[in-house]
Amino acid sequence: MEVKTSLLDNMIGVGDMVLLEPLSEDSFIANLRNRFDHNEIYTYIGSVVISMNPYRSLPIFTPEKVEEYRNRNFYELSPHIYALADEAYRSLRDQDKDQCILITGESGAGKTEASKLVMSYVAAVCGKGQEVNKVKEQLLQSNPVLEAFGNAKTVRNDNSSRFGKYMDIEFDFKGDPLGGVISNYLLEKSRVVKQPRGERNFHIFYQLLSGASDDTLKKLKLDRDFSKYNYLSLDSAAVNGLDDAANFRTVRNAMQIVGFMEDEVQSVLELVAAVLKLGNIEFKPESRCNGNDESRIKDKNDLKEMCELLGTEQTVLERAFSYRTVEAKQEKVCTTLNVAQAYYARDALAKNLYSRLFSWLVTRINESIKAAPKSRHKVMGVLDIYGFEIFEENSFEQFIINYCNEKLQQIFIELTLREEQEEYVREGIEWTNIEYFNNAIICDLIENHQNGILAMLDEECLRPGTVTDETFLDKLNTICAEHLHFESRLSKSSKFLTDHSLPHNCFRIQHYAGKVLYRAEGFVDKNNDLLYRDLSQAMYKANHSLMKQLFPEGNPAKVNLKRPPTAGFQFRHSVGTLMRNLQTKNPNYIRCIKPNDKKASHIFTDSLVCHQVRYLGLMENVRVRRAGYAFRQAYEPCLERYKMLCKRTWPHWRGPAREGVEVLMADLTVPTEEFSYGRSKVFIRNPRTLFSLEERRRQCLQDLATLIQKIYRGWKCRSHFLLLKKSQIVVAAWFRRYAQQNKYKRIKSATTVVQSYTRGWQARKLLRELKYQKRCEEAVTTISAYWHGTQVRREYRKFFRANAGKKIYNFTIQRIMQKYFLGLKSTMPSMSPIDKSWPVKPYLFLDGVHSDLRRIFHLWRCKKYRSEFTEEKKAVFEEKLEASEIFKDKKALYASSVSQPFMGDYLEISKNPKYQKLNSAMDEKVLLADVVNKINRANGKGTARIFLLTKNSVVLADQKTGQVKASVPLPDLTSVSVSTQSDGFFALKLKEGSASAIKGDFLLSSEHLIEIITKLHRTGATAADSEQLNIDISDEFLVQFKHDKVCVKFIQGGPKNGNSVSCKRKNNRLLEVSVPSTV
Ligand SMILES: Nc1ncnc2c1ncn2[C@@H]1O[C@H](COP(=O)(O)OP(=O)(O)OP(=O)(O)O)[C@@H](O)[C@H]1O
Ligand SMILES: [Mg+2]
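Residues numbered from 1 in each chain as written. Chains lettered and ligands numbered in written order. Predicted model: local features only at pLDDT ≥ 70, side-chain atom pairs only at ≥ 80, totals over all residues. Heavy atoms only, no water.

Participant: Give a description of the overall build of the protein chain that names residues and reports values.
Facilitator: Secondary structure assignment for the protein chain yields 32 helices and 31 strands. Over its C-alpha atoms the protein chain spans a radius of gyration of 66 Å, topping by over 25% the 31 Å that the globule rule assigns to 1079 residues. Counting every position in the protein chain, which comprises 1079 residues, the buried fraction comes to 47%. Accessible area for the protein chain stands at about 57,700 Å²; split by element, carbon and sulfur atoms hold 54% of it. Charge centroids of the protein chain, computed over 161 positive and 131 negative side chains, lie 15 Å from each other. (Helix = DSSP H or I, 4+ residues; strand = E, 2+ residues; numbered from the N terminus. Rg over C-alpha atoms; globule rule 2.2 N^0.38 Å. Buried < 20%, exposed > 50% of the residue type's maximum accessible area, 1.4 Å probe, protein only. Areas by Shrake-Rupley, 256 points an atom, 1.4 Å probe, with all protein chains shown as cover. Lys, Arg positive; Asp, Glu negative; His and termini not counted. Charge placed at Lys NZ, Arg CZ, Asp CG, Glu CD.)

Participant: An account of the state of the cysteines is requested, with residue identities and associated values reported.
Facilitator: Evaluated as defined, the whole model comprises zero disulfides. Here Cys443 is not disulfide-linked; the sulfur of Cys404 is the nearest cysteine sulfur, at 10 Å. Of all cysteine sulfurs, the one in Cys592 lies closest to Cys610, which takes part in no disulfide; the gap is 18 Å. When its relative accessible area of 13% is taken as the criterion, Cys610 is described as buried. (Disulfide = S-S within 2.5 Å.)

Participant: I'd like to hear about the sheet that holds strand β18 (residues 675–677), residue by residue, with values.
Facilitator: Taken in spatial order, the three strands line up as β17-β19-β18 in an open sheet, and their pairing is antiparallel. Sheet topology places β17 (631–634) and β18 at the edges, where each strand pairs with a single neighbour. Looking at each pair of strands side by side, their axes are set apart by 20° on average, direction ignored. In this sheet, strand β19 (residues 681–684) lies alongside β17 in antiparallel orientation, the contact comprising four bridges. In the sheet register, Arg632 faces β19, and the bridge partner there is Phe683. With respect to the sheet, helix α24 (residues 635–642) is in contact with β17, β18 and β19, its orientation differing from that of β17 by roughly 95°. (Pairing = 2+ DSSP bridges. Axes fitted to C-alpha atoms, helices over the stretch in contact; angles between N-to-C directions. Contact = heavy atoms within 4.5 Å.)

Participant: Let's hear about the site of ligand 1: which residues, and what values?
Facilitator: Among the 17 residues in the neighbourhood of ligand 1, the closest are listed as Ser107, Lys111, Thr112, Ser160 and Ser161. Within the side chain of Asn157, one N or O atom sits 2.9 Å away from an oxygen atom of ligand 1. Alone, ligand 1 offers 630 Å² of accessible surface; in the complex the protein occludes 86% of this. Counting only elements with at least two residues in the shell around ligand 1, the list comes to α4 (111–125) and β5 (160–161). With three residues, α4 is the single largest residue contributor to the shell around ligand 1. Considering only residue class, the shell around ligand 1 consists of four nonpolar, nine polar and four charged. (Near = heavy atom within 4 Å. Polar contact = N/O pair within 3.5 Å; in protein donor to acceptor, adjacent residues only side chain to side chain. Nonpolar A, V, L, I, M, F, W, Y, C, P; charged D, E, K, R; others polar.)

Participant: Outline the domain arrangement of the protein chain, listing residues and values.
Facilitator: Taken as a whole, the protein chain is organised into domain 1 (1–114 + 596–623), domain 2 (272–353 + 527–562), domain 3 (401–526), domain 4 (812–860) and domain 5 (872–1076). Here the C-alpha centroids of domain 2 and domain 5 sit 116 Å apart. (Domains from an automatic or database assignment.)

Participant: Which residues make up the packing of aromatic side chains, and what are the values?
Facilitator: Overall, the coordinates contain 37 aromatic pairs when judged by the stated rule. Seen from their ring centres, Tyr344 and Tyr532 are 6.3 Å apart, and the 50° between their planes marks the pair as tilted. A residue pair is termed long-range when its members are at least 10 positions apart, and Tyr344 in helix α13 (residues 339–369) and Tyr532 in the loop between α18 (523–528) and α19 (533–541) qualify at 188 residues. Note on Tyr344: relative accessible area 29%, which makes it partly exposed. By the ring-pair criterion, three or more aromatic residues cluster together here, those being Phe396, Phe399, Phe472, Phe486, Phe507, Tyr518 and Phe523. The ring centre of Phe260 lies 5.1 Å from the NZ or CZ of Arg364, which sits over that ring. A cation over an aromatic ring shows up here: Lys548 above the ring of Tyr540, its NZ or CZ 5.0 Å from the ring centre. (Phe/Tyr/Trp six-rings, centres within 6.5 Å; stacked < 30°, edge-to-face > 60°. Lys NZ or Arg CZ within 6 Å of the ring centre and 35° of its normal.)

Participant: I'd like a description of the coordination of the magnesium ion (ligand 2), backed by residues and values.
Facilitator: Only Thr112 (OG1) and Ser161 (OG) from the protein coordinate the magnesium ion (ligand 2), and they sit 1.9 to 2.0 Å from it. Separated by 49 residues along the polypeptide, Thr112 in helix α4 and Ser161 in strand β5 bring together distant segments of the chain. Using a relative accessible area of 13% as the deciding quantity, one classes Ser161 as buried. (Donors = N, O, S within 2.8 Å, 3.2 Å for Na, K, Ca; no water.)

Participant: How would you explain the nonpolar core if you had to name every residue and give the values?
Facilitator: Counting 214 residues, the largest nonpolar core has Phe28, Leu32, Phe149, Phe205, Phe321, Ile453 and Phe507 as its most contacted members. Take this core: its biggest share by element is 15 residues, from α13. Apart from the residues within four sequence positions on either side, Ile453 is in contact with Phe399, Leu445, Ile446, Phe472, Leu476, Cys480, Phe486, Phe507 and Ile509. (Core = buried A, V, L, I, M, F, W, Y, C linked by side-chain atoms within 4.5 Å.)

Participant: Can you explain the UniProt feature "binding site: ATP" (unreviewed entry) in the protein chain? Please cite residues and give values.
Facilitator: This chain's UniProt record puts "binding site: ATP" (unreviewed entry) on Gly105, Glu106, Ser107, Gly108, Ala109, Gly110, Lys111 and Thr112. Residue classification places Gly108 among the buried positions, given a relative accessible area of 8%. Filtering out sequence-adjacent residues up to four positions away, Gly108 remains in contact with Asn53, Tyr55, Arg156, Asn157 and Lys594. If we ignore the near neighbours within four places in the chain, the residues touching Thr112 are Glu147, Ser161 and Asp384. (UniProt positions renumbered as here; feature names shortened; annotations may be inferred.)

Participant: Go over the side chain of Arg572, please, and point to the residues and values.
Facilitator: Relative to the elements of secondary structure, Arg572 occurs in helix α21 (residues 567–583). No salt bridge is formed by the buried Arg572, whose closest oppositely charged neighbour, Asp458, lies at an N-O distance of 5.0 Å. In this view, Arg572 contacts Tyr403, Glu447, Asn448, His449, Leu454 and Ala455; residues no more than four positions away in its chain are not counted. (Salt bridge = Lys/Arg side-chain N within 4 Å of Asp/Glu carboxyl O.)

Participant: So what about the environment of Arg1065? Which residues, and what values?
Facilitator: Looking at the secondary structure, you find Arg1065 in strand β30 (residues 1062–1067). Along the backbone, Arg1065 and Glu367 are 698 residues apart, and their C-alpha atoms lie at a distance of 125 Å. Only 3.4 Å separates the side chain of Arg1065 from the backbone oxygen of Asn1067, close enough to count as a polar contact.

Participant: Account for the pairing of strand β28 (residues 1036–1040), with residues named and values stated.
Facilitator: One face of the sheet, then the other: side chains in a regular strand alternate in exactly this way. Only one face of β28 is covered, namely the face carrying Phe1037 and Val1039; the face carrying Glu1036, Leu1038 and Gln1040 is uncovered. Note that β28 and strand β29 (residues 1045–1053) share five bridges and pair antiparallel. Looking at the pairing, Gln1040 lines up with Lys1045 of β29. From the end of β28 to the start of β29, which pair antiparallel, there are four residues.

Participant: Explain the pattern of salt bridges to me, and be specific about the residues and the numbers.
Facilitator: The final tally for this structure, using the stated rule, is 62 salt bridges. The salt bridge involving Glu460 is made with Lys475; its shortest N-O contact spans 3.7 Å. With a gap of 15 residues between them, Glu460 in helix α16 (residues 453–462) and Lys475 in helix α17 (residues 469–480) connect regions that are remote in the sequence. For the pair Glu460 and Lys475, a shared accessibility class is recorded, and that class is buried. For Asp983, the salt bridge is made with Lys891, and the minimal N-O distance between the two is 3.6 Å.

Next comes the structure, spelled out in structure tokens:
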């Protein structure tokens, strides 16, 4: 069950200033201090939250706290910024009311932190999902980016926002965030070029130099050393507790999450680097012949690097720092700039470059976070704008800032009163007029279109002739002299003539929050915010992705001779838009207060807080809120809280809550003028009445607590006793059960023993009987078996030994044969057909079988041997066989040829390139190619010839040239003659009358005679139209040479002939060949 609590529970001081009694400035501040000392940094004034800056992290912003405040009513828990955020978010989601959260306070009071807390609370409680989370993340991550570029360390705040920010967060009908729009107001750009003592330039400069990688710095042409840059103040470059390098990484990461592309980030950093470089450009005077000094750049290195970063031409920029072109209608006048003017131009460029870059960043972020334009969005605006500022020297910026705060105060008063009034009307309570200070008069002094200060400043700026800050002040003195809130030494009213606190060059305005002295110096310049056209045109021309967007007025095609709107005019316009926007929304206020000037925790400076309380108009706020009734509460929670004070409403009231409250009030005799009944709320006029009710409630709660304690204790003792009693019964029951179980187990085991003995005895008896029976049966079986055996043996004895002899013989023969065959198996000869071995026969009677087996085995292994022949091998053997048939025992040369393989093509005629021509002349496959000697009949000497045999012819060719000498078709060959001896001579005899026979027969000799003749014989036998070739083997034969026949005779050569065959011509008709007997 959810416990209903109230703001009034465990209050330190009072949680809502409206209940402060007595109400005075002192008690107000004492209450704030009391709460601050107890770490209660939030206090309410009705629905307004006062937030004290604790300057340390408190454990009150945890996810548990978010859950605690989620969906709880505003006054239900102790004051917290989460309660305000929750109230705003729920009324946006459930009642469809657009909200705005206005956060005000002076610099360092905690506005930016408060705005981040509100955003993070809303992000935590609204819907979840991938898309929604992305939107939330982008909205939250826009903060670090804008803070890096728009915040700086000041004497008041290490992270001071130097721009105003208003962010509209857009939600869909379910309350899920869709996107947002950020508006920025007046960046303090003068800080870019000059910072007051003890302050720094914008964070990004220091972050870039400390956090960027060496590589990035090199690309940006920067040096890590701050002291190298004129625009960076050195005395406070390092800030305690601020890690610039880490923050740079955070900013880069945030830029990535928000959706910046890598090249966009690079362009932004280039511009930041360019601003730093710009600050280092210095000028020197150069005298001209007309006597004027003209500015010249001292050292052009920085200018060069800057131009490289921006992509501008150095000469263009150099010229823009030395000359100024003024265009009026058709005329163009070019004047030179002196050194002071050049510095002014440089600083103006730096300020404009940076502030325009900042505005571009806001636009770029808006592009990323903008919601899709679909149905109507609900909007929650968060305004974090610079607070009211009073410095020792206040200039144009403070004037503008304070004007903005005046406007906010005005809208605050208006809306608070309106809300109060509306509630009274809604509740039907009579409205009594409330006196309050309306600062509309101050706003009018500043913004009035005719004679407001801003209007006059604009008038001065636009006026022809000499315009200075003094002429502006004069104008103010004449026009505003009568105004109640304007003070000046020179004004006509003599009131301030002797006021020495008011210097002559200043004017003072009585703001709602106090008097502020403004120094008129710089008002005109700052309002004009002049950037020479030459510079803006130079910037427009730059070859850089952002420059054209940042300096659109520099476009020479769109030269606008009209002056741009002044800074004051622009600001007034944007503040006007903002106010109109805020007026359409339901306001929620957070008023931030700074407890001390030292940025320290635990220090509460009364005077400082008092000052802020005054200028924030907080007392006024309380008074307005209390003017009618100090406290109001809906009937139901009121009855729930106080119902124990009356017997009729306690513990339950069964009627409408309003009647219950009426009964309660009547019973408590609260005076009727102290309260009023509205439609849904009871209004209590005086805090005293509320506190007396609270006191009575506290008393009653104590009594009730005693009663509850009493009843509880009685109930507890009774319950304990009953529990003991119940336990005792259970224990007894369990014990009895246990005892009975034991007894039963004993009886049961005794019975089992007796039973087992009896059964054992019976079983043994039965077993004995069965065993005896079995033995008897076995004895009978044995006796009968023996008797049957005797009977059978007697019957069959006569059949034994009759055929024993034959059987023994057969058996013996079988054994001998078995032994013979097994023995043969192990002594078998090899599988070679020429192996002649065979085992000796073991038994005489196996003689025939033994030789038959030898023959069968030999035939079988020959068959095996033949079956392994390939076709080629078979052909070779056939040739060899044919050679043996022709020459064996007929020619002595045969024996030596048996072991030589027949190779046929000895010249490798098809492969050898030497014989390519010869080979191509052959139309048939060459079966044999060899070198032979052709014997000359004249002297018996041999000439080397190539001998070729094809299927159809024999060809003789020259060995060297390969030229065909003779080609004899095989049918023209009749016979071949050879000797019986071991020589290689042979004669090819041709058919008489054939064409080949004209030249006569051939007498040749070859080392491969046997092969040549065999091949010739085989080929001649297969040739289709040739007759069988005769082989004539004799030691004397006739050879028909061209004209006559010569006899070739072979004789056995004597030892004097040596080992070679020689052929000699004996006479015309005889050639004698002597063959050595050993060859
Ligand atoms: N709720 C908080 N808890 C802890 N520290 C806080 C809190 N609020 C503010 N601070 C501290 O105070 C410092 C200043 O706060 P913040 O920057 O919000 O001031 P500001 O009102 O925005 O000032 P300015 O007008 O200069 O921007 C913060 O940097 C932080 O250290
Ligand atoms: Mg801030």
